[in-house]
Amino acid sequence: MPIFSTKANFSKMNQDAFFMEQAVLLSQRHMEEGQGGPFGCIVVKDGVIVGRGWNSVLAGNDPTAHAEVMAIRDACRHLGTYQLDGCAIYTSCEPCPMCMGAIYWSRPEKVFYANTREDAAETGFDDSFIYDELVRPLEQRKIPMIAMDKTEALKVFRLWQEKENREQY
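This section reports on the structure supplied with the text. (Residues numbered from 1 in each chain as written. Predicted model: local features only at pLDDT ≥ 70, side-chain atom pairs only at ≥ 80, totals over all residues. Heavy atoms only, no water.)

## Some thoughts on unusual backbone geometry
For aspartate 46, which is not glycine, the phi torsion reads 50 degrees and is therefore positive. Mapped onto the elements, aspartate 46 comes out in the loop between β1 (40–45) and β2 (48–54). For aspartate 46, a relative accessible area of 53% gives the class exposed. One non-glycine residue, asparagine 61, lies in the positive phi region at around 50 degrees. Residue placement: asparagine 61 occurs in the loop between α2 (57–60) and α3 (67–79). (Helix = DSSP H or I, 4+ residues; strand = E, 2+ residues; numbered from the N terminus. Buried < 20%, exposed > 50% of the residue type's maximum accessible area, 1.4 Å probe, protein only.)

Written out as structure tokens, the structure reads:
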């Protein structure tokens, strides 16, 4: 699949506005098609759109199919890498906790967003309970987090540490 656009020739301010507009258009189009909520995202490298994503939770019955996660997956496929060095993410809304995790793991240079998490909450997409849960002690979380015997799992970690051809990421 080809890269999505040619290199934009705008001033930096116009370029950022153009890319945000593309993310917002994705959010509207796919929301209207019934694929999921009103969220869109693009990944840009050197002025070129290299990844696109939109909320596809309903279309794929996948609670992890958020716009940012989908755009990161798409960009990494196109770039042939698992990290987005030198990339910027433009997303129609401030990322949720899951998407923030994916963003930090993919290591872009920066993230631009339009709507805030408060705007999302007012629209029915309230992630405040997740933010609250993340800072609670494990034993106080609503979904029980139960530690089990780690003997065998630690052996696999040791095997990873001893693996000569491992790629650290």
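And the narrative resumes.
## Here's the deal with the nonpolar core
Core analysis: the largest hydrophobic core is formed by 16 residues, its most contacted members being Cys41, Val43, Val50, Ile72, Ala75, Leu84 and Ile89. Ranked by the residues each element gives to this core, the list is headed by α3, at five residues. Apart from residues no more than four positions distant in its own chain, leucine 84 is found in contact with Val43, Ile72, Ala75, Cys76, Leu79, Ile89, Ser106, Arg107, Pro108 and Glu109. In this structure, Leu26, Ile42, Val44 and Tyr90 belong to the second largest nonpolar core, which totals nine residues. (Core = buried A, V, L, I, M, F, W, Y, C linked by side-chain atoms within 4.5 Å. Contact = heavy atoms within 4.5 Å.)

## Focus: the environment of alanine 102
Among the secondary structure elements, alanine 102 is positioned in helix α4 (residues 97–106). For alanine 102, a relative accessible area of 22% corresponds to the partly exposed category. For the pair alanine 102 and glutamate 68, spaced 34 residues apart in sequence, the C-alpha to C-alpha distance is 7.9 Å. If sequence neighbours within four positions are ignored, alanine 102 has contacts with Val69 and Ile72.

## Comments concerning the layout of surface pockets
Roughly 350 Å³ of internal volume is contained in the largest pocket. What lines the largest pocket is a set of 22 residues, and nearest its centre among them are Phe39, His66, Cys96, Phe125 and Asp127. Contributions of two or more residues to the lining of the largest pocket are made by α2, α3, α5 (117–122) and α6 (128–134). Residues that form the lining of the largest pocket fall into these classes: twelve nonpolar, five polar and five charged. (1 Å grid on protein atoms, 1.4 Å probe; cavity = no way out; pocket = protein on both sides within 12 Å on 5 of 7 lines; lining within 4 Å. Points joined across faces, edges and corners; volume = space filled by probe spheres on them. Nonpolar A, V, L, I, M, F, W, Y, C, P; charged D, E, K, R; others polar.)

## Thoughts on the pattern of salt bridges
According to the stated counting rule, one finds five salt bridges in the structure shown. For the salt bridge of arginine 136 with glutamate 133, the shortest nitrogen-to-oxygen distance reads 3.3 Å. Here glutamate 152 makes a salt bridge to lysine 155, at a shortest N to O gap of 3.0 Å. Highlighted residues: glutamate 152 and lysine 155, both in helix α7 (residues 151–162), separated by three residues, approximately one helical turn. Note on glutamate 152: relative accessible area 53%, which makes it exposed. (Salt bridge = Lys/Arg side-chain N within 4 Å of Asp/Glu carboxyl O.)

## Considerations on the side chain of serine 92
Position of serine 92 among the secondary structure elements: in strand β3 (residues 87–93). Relative accessible area serves as the criterion here: at 3%, serine 92 is assigned to the buried category.

## Describing the sheet that holds β2
Read from one edge of the open sheet, four strands run β2-β1-β3-β4, paired in mixed fashion. One side of each edge strand has no neighbouring strand; the edge strands of this open sheet are β2 and β4 (110–115). Strand after strand, the sheet turns through a mean of 15 degrees between neighbouring axes, direction not considered. Contacts between α3 and the sheet are confined to β1, β2 and β3, with β2 contributing the most and set at about 140 degrees to the helix. (Pairing = 2+ DSSP bridges. Axes fitted to C-alpha atoms, helices over the stretch in contact; angles between N-to-C directions.)

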